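# Chain and residue survey
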Amino acid sequence: MAAVAEAARNLSCVGAEPLAVTDNLNFPSPDTPTGYWQLAMACRGIATACGALATPVTGGNVSLYNETRLPDGSMQPIQPTPVVGMVGLVENLERVTGLAWRQPGDAIWLLGVPLDVAEAPADPRLGLAGSSYLERIHGAVTGRPPEVDLALERTVQGFLRQAIAAGVVRSAHDISDGGLAVAAAECCMASAGRDAQPLGAHLEIPASSARLDRLLFAEGGARILVSVAPAHTAAWQELLDSAGVPAQCLGVVVDQAELSFSQAGTRLLQVPVAQLREHFEMAIPRRMRQAAPPPER
């Protein structure tokens, strides 16, 4: 369900209406109880999400028995991996948006499930279970993933497409793998053209009793980061009020090439965009160097 929702969200972020799905189901052996359950539940989840978002499955393929035999003779299955591709329709190519920040001074808004606040319980639609943060930082692929709110997905995505068509949104980027902090970093990195100075962002995290790693890296919640020009503030607020979409203003685009987060006046994070880009663009070469065997003597 989350994979279908994210595919639709990516289309909505450029202003396209989601139309149809093709899928590629990569799974281990269905001859085991666990493998059979994974495949059956994934198919059910895709069907449920496609029904809710009105995006029929027009084709696809299945790859099963994806396992590796370990030295002790046991079989190591892959993680269940339903890949979803979705096609959409853009009515007006002049109103297509991208993920890059466009101008300093633009307000940065969070659409969808808001960040946790001190007086509210943890929202089950957000979480670190099954997240990239949990896997990369703690080496664990475990936990109950966030609940998928398909009704909220429809509402948020429909509103965003309407706002893009009205010309009041400068940029839009869905929050998925890595959560809020990674999405904001991607917007900063994308803002640098071949010869242009990248734009940065300053985001203010609301006071909260929630853990900082949850606030910065939790996934889920039908969430999208958008930037809005000051000149369009009134039109944007009018659209928000009429649609009833949950939204938070978190910060502003800045002309300094750095990404920063603060909370209650305390700076939590400050990273140059150049450093973000270096880590991002050199990820594969860095890992290949680490995996290379030592030279022969």
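As the structure is a computational prediction, the values presented were derived from the model and not from experiment.

## Some points on the packing of helix α2 (residues 33–53) against helix α4 (residues 150–165)
Packed helices, taken two at a time, are described by the angle between their axes plus the distance between the axes. In the contact formed by α2 and α4, the axes pass within 10 Å of each other and the chain directions differ by 40°. One finds that α2 runs oblique with respect to α4. For the pair α2 and α4, the sense of crossing is right-handed. Here T48, A49, A52 and L53 of α2 lie close against α4, whose contacting residues are L150, E153 and R154. Within the contact of α2 with α4, the residues separate by chemical class into four nonpolar, one polar and two charged.

## Re a nonpolar patch on the surface
Taken together, L19, V87 and L89 make up a surface patch of nonpolar side chains, about 230 Å² in accessible area. Relative to the assigned elements, L89 resides in strand β5 (residues 81–89).

## Observations regarding the sheet that holds strand β1 (residues 17–26)
Adjacent strands of a sheet form backbone hydrogen bonds with each other and so pair up, either parallel or antiparallel. The sheet built from three strands is open, its strands ordered β2-β1-β5 with mixed pairing. The strands lining the two open edges of the sheet, one partner per strand, are β2 (57–63) and β5. Within this sheet the neighbouring strands show an average axis-to-axis angle of 20°, counted without direction. Pairing geometry for β1 and β2, over six bridges, is parallel. By the bridge assignment for β2, N24 is matched with N61. α2 rests against β1, β2 and β5 of the sheet, and its axis sits at about 175° to β1.

## What to know about the packing of aromatic side chains
Applying the stated criterion to the full structure yields three aromatic pairs. Taking the centre distance of 5.1 Å and the plane angle of 5° together, the rings of Y133 and F217 count as stacked. With Y133 in helix α3 (residues 132–138) and F217 in helix α6 (residues 212–217), the pair connects residues that are 84 residues apart, well separated along the chain. F217 sits in the partly exposed class, given a relative accessible area of 24%. An aromatic cluster is defined as three or more aromatic residues linked by ring pairs; in this entry it consists of W109, F159 and W236.

## A few points about the sheet that holds strand β10 (residues 247–254)
Within the open sheet, the seven strands sit side by side as β7-β9-β6-β10-β8-β11-β12. Their pairing is mixed. Both outer strands of the open sheet, β7 (171–174) and β12 (266–272), are each paired with one neighbouring strand and no more. Within the sheet, the average angular offset between the axes of one strand and its neighbour, ignoring direction, is 20°. Across four bridges, the pairing between strand β8 (residues 200–205) and β10 is antiparallel. Considered in β10, the bridge of G200 is made with V254. Running at roughly 175° to β7, helix α1 (residues 2–14) makes contact with β7 and β9 (224–228) of the sheet.

Cut-offs applied
- Residues numbered from 1 in each chain as written.
- Predicted model: local features only at pLDDT ≥ 70, side-chain atom pairs only at ≥ 80, totals over all residues.
- Heavy atoms only, no water.
- Axes fitted to C-alpha atoms, helices over the stretch in contact; angles between N-to-C directions.
- Helix = DSSP H or I, 4+ residues; strand = E, 2+ residues; numbered from the N terminus.
- Parallel < 35°, antiparallel > 145°, perpendicular 65-115°, else oblique.
- Left-handed = near helix turned anticlockwise from the far one by under 90°.
- Contact = heavy atoms within 4.5 Å.
- Nonpolar A, V, L, I, M, F, W, Y, C, P; charged D, E, K, R; others polar.
- Patch = residues over 30% accessible without salt bridge, like charges linked within 9 Å, V, L, I, M, F, W, Y side chains within 5 Å.
- Areas by Shrake-Rupley, 256 points an atom, 1.4 Å probe, with all protein chains shown as cover.
- Salt bridge = Lys/Arg side-chain N within 4 Å of Asp/Glu carboxyl O.
- Pairing = 2+ DSSP bridges.
- Phe/Tyr/Trp six-rings, centres within 6.5 Å; stacked < 30°, edge-to-face > 60°.
- Buried < 20%, exposed > 50% of the residue type's maximum accessible area, 1.4 Å probe, protein only.

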